[in-house]
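Next come the chains, spelled out residue by residue.
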Amino acid sequence: MKQIVFLTLILALCTLPRYGLAADCYADYKAKQDAPLKLHYGVMQVSGACSAAQAQNELSQRLSANGWTLLNVISVFGPDGLQQRKADAGPYYLRF
């Protein structure tokens, strides 16, 4: 009986999302553009480690290449958080 419980626990842990290494990692952020001042909230996919530090670096580079300055990374999340942010991000939902 203990072996069945143990194996079930191992199987459950193996099937949980592993956001630290997940391919489906996203971050929501705020960015600005100067002259004239423009602000936007967006959602972007993050490659590599699913961490705030990785998102900060990656988003900053991508936004800068498109004339935007990253203000802050709000959160890092998996695919389960995409739909609730889609309407708020509008045209900046997975744009960059």
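Above this text is the structure in question.
Only a predicted model underlies this, so the values are computations on that prediction, with no experimental measurement involved. (Residues numbered from 1 in each chain as written. Predicted model: local features only at pLDDT ≥ 70, side-chain atom pairs only at ≥ 80, totals over all residues. Heavy atoms only, no water.)

Visitor: Tell me about the nonpolar core, residues and numbers included.
Guide: A general feature of soluble globular proteins is that nonpolar side chains tend to end up buried together. In this structure, Tyr29, Leu59, Leu63 and Phe96 are the most contacted members of the largest nonpolar core, which totals 15 residues. Of all the secondary-structure elements, those providing two or more residues to this core are strand 1 (25-33), strand 2 (38-46), helix 2 (52-65) and strand 3 (69-77). The dominant element in this core, judged by the number of residues it contributes, is strand 1, at four residues. Contact partners of Leu63, with chain neighbours within four places excluded, come to Tyr29, Ala31, His40, Met44, Trp68, Leu70 and Phe96. (Core = buried A, V, L, I, M, F, W, Y, C linked by side-chain atoms within 4.5 Å. Buried < 20%, exposed > 50% of the residue type's maximum accessible area, 1.4 Å probe, protein only. Helix = DSSP H or I, 4+ residues; strand = E, 2+ residues; numbered from the N terminus. Contact = heavy atoms within 4.5 Å.)

Visitor: Explain a nonpolar patch on the surface to me, using residue names and the numbers behind them.
Guide: Taken together, Leu37, Leu39 and Leu71 make up a surface patch of nonpolar side chains, about 330 Å² in accessible area. Within the element layout of this structure, Leu39 appears in strand 2. We classify Leu39 as exposed; its relative accessible area is 59%. (Patch = residues over 30% accessible without salt bridge, like charges linked within 9 Å, V, L, I, M, F, W, Y side chains within 5 Å. Areas by Shrake-Rupley, 256 points an atom, 1.4 Å probe, with all protein chains shown as cover. Salt bridge = Lys/Arg side-chain N within 4 Å of Asp/Glu carboxyl O.)

Visitor: Describe unusual backbone geometry, and please don't skip the residues or the numbers.
Guide: Going from Ala35 to Pro36, the amide bond is cis rather than trans, its omega being -5°. The residue Pro36 is located in the loop between strand 1 and strand 2 in this model. Look at Ala35: it is not a glycine, yet its phi comes out positive at around 50°. By the element assignment, Ala35 lies in the loop between strand 1 and strand 2. On the basis of relative accessible area, Ala35 is assigned to the exposed category, the value being 76%. Positive phi outside glycine occurs at Leu94, with the angle close to 55°. Within the fold, Leu94 resides in the segment after helix 3 (82-89). Classification of Leu94 as partly exposed rests on a relative accessible area of 37%.

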